[in-house]
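# Inside the fold
Here is how the chains run, residue by residue.
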Amino acid sequence: GGGSFLVAYLTMLVVAAAPLFFLEAILGQKFQRGPAETFRQMAPRWVGLAYVPAMMVLFYIPYYQLIVAYAFHYFIASFSWPLPWVDGTTPDRYLH
């Protein structure tokens, strides 16, 4: 149920997300530079780590675009009568 998700979410928020957020904010205040320059000043071998969040976008954007495309498709299809997905046919009929 929702309660178990909330417990896991709050646990990870306290254990991982909040400390990383504060660490990033503190490093930004201390070095007054972007991520790459901050890592270059801290430990030059770790400068590649600064580019990981930018590369993660390449994986997240297509995933969310697919989710939005499905939502948009069903939104547009919901204006037809009868609704295409309630007449007992396969999804092949209304996904093309």
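Use the structure listed above.
Criteria and cut-off values
- Residues numbered from 1 in each chain as written.
- Predicted model: local features only at pLDDT ≥ 70, side-chain atom pairs only at ≥ 80, totals over all residues.
- Heavy atoms only, no water.
- Helix = DSSP H or I, 4+ residues; strand = E, 2+ residues; numbered from the N terminus.
- Areas by Shrake-Rupley, 256 points an atom, 1.4 Å probe, with all protein chains shown as cover.
- Phe/Tyr/Trp six-rings, centres within 6.5 Å; stacked < 30°, edge-to-face > 60°.
- Lys NZ or Arg CZ within 6 Å of the ring centre and 35° of its normal.
- Contact = heavy atoms within 4.5 Å.
- Patch = residues over 30% accessible without salt bridge, like charges linked within 9 Å, V, L, I, M, F, W, Y side chains within 5 Å.
- Salt bridge = Lys/Arg side-chain N within 4 Å of Asp/Glu carboxyl O.
- Buried < 20%, exposed > 50% of the residue type's maximum accessible area, 1.4 Å probe, protein only.

Right, let's talk about the overall build of the protein chain for a bit. Scanning the protein chain from terminus to terminus reveals 4 helices and 0 strands. Taken as a whole, the protein chain presents about 8300 Å² of accessible surface, with 73% of it coming from carbon and sulfur.

Ring pairs (aromatic) are described by centroid distance and by the angle formed between their planes. Enumeration according to the criterion identifies 4 aromatic pairs in this entry. Here the guanidinium or amino end of K30 rests over the ring plane of F31, the centre of that ring lying 5.3 Å away.

Below, the discussion takes up the side chain of T38. Position of T38 among the secondary structure elements: in helix α2 (residues 35-42). If we skip the residues at most four places from it in the chain, T38 touches L27, F31 and R33.

This part takes up a nonpolar patch on the surface. On the surface, a nonpolar cluster with roughly 910 Å² of combined accessible area is contributed by M42, W46, L49, V52, M56, Y60, Y63, Y64 and I67. Looking at the nonpolar patch, the element that brings in the most residues is helix α3 (residues 52-77), giving 6 residues. As for its placement among the helices and strands, W46 is situated in the loop between α2 and α3.

Here P35 lies in helix α2. Expressed as a C-alpha distance, the spacing of P35 and E24, which sit 11 residues apart in the sequence, is 9.0 Å.

On to the pattern of salt bridges. Close approach of charged atoms lets side chains of opposite charge pair. Counted according to the given criterion, the structure contains 1 salt bridge. One salt bridge connects E37 with R40, and the closest N-O pair in it is separated by 3.1 Å. Here R40 and E37 lie together in helix α2, a separation of 3 residues that amounts to about one turn. Judged by relative accessible area, E37 falls into the partly exposed class, the value being 29%.

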